[in-house]
Every structure is written in C-alpha cells, then in structure tokens.
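So you can see what is in the structure, the chains are spelled out below.
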Amino acid sequence: MMNNNNSSTPPATCDPDRSNCGAVRHNLSSPPLVSHLAQTINALDLAAEQLCVHRDFQAAFDTCQGGLDSLTLVSIEQDDSRNGELKAGLCIIGIQALAELNRWQYALTWILKHYDCPEKIPAKIMQLCIFLYTKVGDQDALLEASRLWIHCPSNRTLAEFGSVAELYLAHVLVPLRHMEEAREFILGEVGNVAFTEVQRQTALDFLEEKEHQILEPPPSPSHDPETTELTTTPQGAVINTLKAMLRFLHAKLSTVGVKSFPLRKVFLAIVLLYIVFVRMDPALPSAFLWISKLLQLLKPHT
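An account of the accompanying structure is given in this report.

Cut-offs used in this document
- Residues numbered from 1 in each chain as written.
- Predicted model: local features only at pLDDT ≥ 70, side-chain atom pairs only at ≥ 80, totals over all residues.
- Heavy atoms only, no water.
- Helix = DSSP H or I, 4+ residues; strand = E, 2+ residues; numbered from the N terminus.
- Buried < 20%, exposed > 50% of the residue type's maximum accessible area, 1.4 Å probe, protein only.
- Contact = heavy atoms within 4.5 Å.
- Areas by Shrake-Rupley, 256 points an atom, 1.4 Å probe, with all protein chains shown as cover.
- Core = buried A, V, L, I, M, F, W, Y, C linked by side-chain atoms within 4.5 Å.
- Phe/Tyr/Trp six-rings, centres within 6.5 Å; stacked < 30°, edge-to-face > 60°.

1. Focus on the overall build of the chain
- Summing up its helical and strand segments, the chain has 15 helices and zero strands in all.
- For the chain, buried positions account for 32% of its 302 residues.
- Sequence-distant contacts, at least 24 apart, represent 60% of the contacts inside the chain between residues at least 6 apart.
- Just so you have it, the chain exposes about 19,300 Å², and 58% of that area is on carbon and sulfur atoms.

What follows is the structure in structure tokens.
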C-alpha cells in the first residue's frame, strides 16, 4: 500500500496564519450575513406596502414572518441595534396585520416566540399590545406579561418606560379593578421611577375617581323602562341615531325645498341611512362609500 505522506499535494488543512482562511470556509458553509440583512430590509419595506397600500393583511403577516426568519440567520455577533430595529418593525407590522385579520388573540403569543420572554419585548411593542388588547377589551390576557415587563429592573432605564407605566396603570390595572395593586404601583419603587411627583399625585387622583365610580355608579338619566331599554341596548342606540338623522333630513328638506329635493332622493337617503347605521358599523372603512353617497344626495343642486 502506497504511503501518501510523500505526495506533492498539500494536506487539506487550514493554516491559522492565513487571515482569509476563515472567510473562505464561512463562504462555503453559509451565505454572507449581508444577504440576510438585505432580505430583512426588503421584507420590511414589502410588508409595509402590503399592509398600507394593498391592504393584503395575510401577505403582510407572511412577509413579516419570512423577514424574521431571515433575521435569525444573522449571527449573534452581528445582532446590533440595527437588527433590533428591523425586528421590532417587522413585529409591529405583523401585530397590525393580525389585528386586521381579526386574529388579535394570537398577537402576544406570536411576539413571545420572537422575544422569548415578556421582559425582552421592546417598549414600543408593549405599548402597541396594551392598545390592542384594550381596544378588544381583553386586558386580562396581557396582565401577566405587562406586569413582568413593568417590574423588570432593566426596562426602567428606557426612555419609554414612563409611557408604558401610564398605559399599564390606566388601561390594564384600573379596568381590571386591581385597585390595591395600582395604588402600590404608584406609591412604590416602580412608580417612583416612572412618574414625577406631580404625575404620581395625578395618578392617585385618577385612581380615587375610578374607585368612587365603582362604589357609586352614576344614576340613570331616566327611570322609564321603555326609554332605558332604547338607550342601553344596541338596537336602541341605532334607533336613536336614526331618529337624529331623520330629524336632520327633515330640516334639510325644509331648507332646500321640496322641488329641489324630490321624493325619490328622500327614499334613497332613508335606504342609505338604514345600510350605514343598521346593517354595518359606520366607523368601518366599508361604510365610507355609503356615507359619501348619502352626503351627495343631501347636497342641493345649484
């Protein structure tokens, strides 16, 4: 058997003195880190366009997920503040896409998959989560995560800490009626860091007012059962709104005259009122078209 030690071919080992050897080996084993960063930046731009311009919320969420996957391929040594901003930007767009898809209940779980624990969530994302879960009335789902975030000592040095503390107090603790915890929060160490003396007093006044409202609810404006039912149920609110709009329509007819406002337009206006206020929420973007048509009908011809 021949001995290959005398072969003229050099052994396939790397000389530690050759500075480019590690780079060559890295390029052979994985794509350059800059390509992953470029993919993440492109994903952020594309996701923003899909969300705001095309309003393709599922595509925007999928793009955010892909961008976050690309970002995880960047080595720990390259994980600087720029990567943190890209990650936060993708997560913010992803949360908004989930909210538009009516999948808001998965937002916090999805964020924790990328930040491991609540304490590491950036302040701007925690603020957005508090706003989101407050809007849907499910602050209880966010209570533990926000509590861990607000009591984490490393977060107290953040510039946005005071803003998160205000939201946590006003939109999480107080609506959930954790009044004693809220008072301890204001007067304790965390409140001392988050608030100035004036802000602490304002927070205490706010808390006292909310406690008073809980103990003594405001009296009903009317004791008539029929009137109470009309004003407290969603159907009653719609009826009251329709009455107000019909009164406005009657005033408009009196102003422009019957001849310049034919009965056909009156009928169309009533139909549009029904569509906007009974069949859909007037705050939704889809109601804008019908509201515009209604306003066009109410304009007198010159």
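2. Description of the nonpolar core
- Judged by nonpolar contacts, the single largest core of 57 residues is most densely connected at Trp110, Ile125, Ile150 and Phe185.
- Those residues in contact with tryptophan 110, other than ones at most four positions away along the chain, are Phe61, Cys64, Gln65, Leu68, Leu90, Cys91, Gly94, Ile95 and Leu98.

3. Notes on the packing of aromatic side chains
- Taken as a whole and judged by the stated rule, the model has five aromatic pairs.
- Summarising the aromatic geometry, the rings of tryptophan 149 and phenylalanine 161 are spaced 6.0 Å apart at their centres and angled 20° between planes, so their arrangement reads as stacked. Of this pair, tryptophan 149 sits in helix 7 (residues 143-150) while phenylalanine 161 sits in helix 8 (residues 161-173), and the two are 12 residues apart along the sequence. As far as burial versus exposure is concerned, tryptophan 149 and phenylalanine 161 are alike and both buried.

4. Things to note about the environment of valine 190
- Position of valine 190 relative to the elements: it lies in helix 10 (residues 189-194).
- You can call valine 190 buried: its relative accessible area is 5%.
- When neighbours within four sequence positions are excluded, valine 190 is seen to be in contact with Ile150, His151, Arg156, Phe161 and Phe185.

5. Some remarks on unusual backbone geometry
- Unlike most non-glycine residues, arginine 55 shows phi in positive territory, near 55°.
- When you line up the elements, arginine 55 lands in the loop between helix 2 (33-52) and helix 3 (57-72).
- With relative accessibility at 44%, the residue arginine 55 sits in the partly exposed group.
- Phi is positive for arginine 177, which is not a glycine, with a value near 65°.
- Positionally, arginine 177 belongs in the loop between helix 8 and helix 9 (179-187).

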